[in-house]
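Listed here are the chains, written in short residue letters.
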Amino acid sequence: MTTDNSALIKVRDLKKHYNYGKIKALDGVSIDINKGDVMVVIGPSGSGKSTFLRSLNLLEEPTEGSIIFDGQDIVNEKIDLDKFRERMGMVFQHFNLFPHKTILENLTLAPQIVKHVGKAEAEKKALELLDRVGLKDRAKAYPVQLSGGQKQRVAIVRALCMNPEVMLFDEPTSALDPEMVGEVLEVMKELAKAGMTMVCVTHEMGFAREVGNRVVFMADGNIIEEGTPEQIFDHPKNPRLKDFLGKVLEA
Ligand SMILES: Nc1ncnc2c1ncn2[C@@H]1O[C@H](COP(=O)(O)OP(=O)(O)OP(=O)(O)O)[C@@H](O)[C@H]1O
Ligand SMILES: [Mg+2]
């Protein structure tokens, strides 16, 4: 069992190489993610942010290193991948809802099939969560009838329906029209307040500063600097971080 404040996920010397080592998407990442952390990952394009997130729930098979999740090395020990993935929800830039299924059907499919939850129970949970994100009245709608921001809120709810212990977000707002970004960030903020452990790749520096308790800066497949939002944004040390912040904050 993990206790509060002990590391829920310990990443050690994690590497992901492509093209026989020519591309080092991750090149020895080590970090602890504690229960209740809201870790924001920032860094230039191609720095390995998505690869890091995807490796955390084994959508990518790491080349080397270890990820100890709740005491188990999920890279090197034999694990039940489906069971493990239930514990780590992921939200992507694109929502990938089934177009021919209603919102409620989209939300209750996986709990019924993967977790063998009864239909009534799955629907009850889905409706409760939809209510929390302000979309209970859209349960019978189809994805095409929803805005991008609404669809992304549904995608977050879809992950939450599995009762995950950790939520991973890979640029969940970057495909949205600007006026819809706020409503999705608001849902993420509520989740953070409720104590969810979260790792978020985002370009939303306001969110990083306000909601994150830790900010991680990646470059060239590694973590170059890590700290509180104040340390990273107000007192950056590494020249590459300073350069990056100069670009994104003036944009
Ligand atoms: N399947 C793949 N085959 C070969 N190279 C890959 C593959 N996936 C990622 N890479 C490379 O790994 C590096 C890290 O990519 P990654 O997608 O993790 O970056 P990122 O920080 O998420 O970038 P962005 O901000 O553009 O999303 C890049 O150089 C990328 O081209
Ligand atoms: Mg990416």
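As shown above, the structure is provided for reference.
Residues numbered from 1 in each chain as written. Chains lettered and ligands numbered in written order. Predicted model: local features only at pLDDT ≥ 70, side-chain atom pairs only at ≥ 80, totals over all residues. Heavy atoms only, no water.

Novice: Please explain the packing of helix α3 (residues 103-114) against helix α5 (residues 148-160) as it appears in this structure.
Specialist: The relative placement of two packed helices comes down to the angle between their axes together with the axis-to-axis distance. Axis separation between α3 and α5 bottoms out at 8 Å; the angle between their running directions is 25 degrees. Our classification of the angle between α3 and α5 gives roughly parallel. The interaxial crossing formed by α3 with α5 has right-handed handedness. The residues of α5 that touch α3, namely those facing Ile-103, Asn-106 and Leu-107, are Val-154, Val-157 and Arg-158. Partitioned by chemical class, the residues of the contact of α3 with α5 number 4 nonpolar, 1 polar and 1 charged. (Axes fitted to C-alpha atoms, helices over the stretch in contact; angles between N-to-C directions. Helix = DSSP H or I, 4+ residues; strand = E, 2+ residues; numbered from the N terminus. Parallel < 35°, antiparallel > 145°, perpendicular 65-115°, else oblique. Left-handed = near helix turned anticlockwise from the far one by under 90°. Contact = heavy atoms within 4.5 Å. Nonpolar A, V, L, I, M, F, W, Y, C, P; charged D, E, K, R; others polar.)

Novice: Looking at this structure, I do not really get helix α9 (residues 239-250). What am I missing?
Specialist: Turn by turn, an α-helix covers 3.6 residues, leaving residues three or four places apart pointing in a common direction. Between its terminal C-alpha atoms α9 stretches 16 Å, which fits the 16 Å expected from 12 residues at 1.5 Å a residue. Every buried residue of α9 is listed here: Leu-241, Phe-244 and Leu-245. In a view along the axis of α9, the buried residues occupy a sector of 100 degrees, so they form one face of it. Opposite the buried face of α9, at more than 90 degrees from it, the exposed residues are Pro-239, Lys-247 and Glu-250. On its buried face, α9 sits against β3 (38-42), α7 (205-211), β9 (214-219), β10 (222-227) and α8 (229-234). Put simply, Asn-238 is the residue that caps the front of α9, since its side-chain oxygen is 2.8 Å from the backbone nitrogen of Arg-240. (Expected span 1.5 Å × (residues − 1). Buried < 20%, exposed > 50% of the residue type's maximum accessible area, 1.4 Å probe, protein only. Arc of directions from axis to C-beta. Polar contact = N/O pair within 3.5 Å; in protein donor to acceptor, adjacent residues only side chain to side chain.)

Novice: I keep staring at the sheet that holds strand β2 (residues 23-34) and nothing clicks. Help me out?
Specialist: Either a parallel or an antiparallel arrangement is found when strands of a sheet pair, and the pairing is made through backbone hydrogen bonds. Strand order in the open sheet formed by 4 strands is β2-β1-β4-β5, and the pairing between neighbours is antiparallel. Edge positions in the sheet fall to β2 and β5 (72-73), since each of these pairs with one other strand and no more. Judged from the 2 bridges that link them, strand β4 (residues 64-69) and β5 form a sheet pairing that is antiparallel. Looking across to β5, one finds that Ile-68 is bridged to Asp-73. On the sheet, helix α1 (residues 49-56) packs against β1 (7-18), β2 and β4 and is oriented at approximately 60 degrees with respect to β2. (Pairing = 2+ DSSP bridges.)

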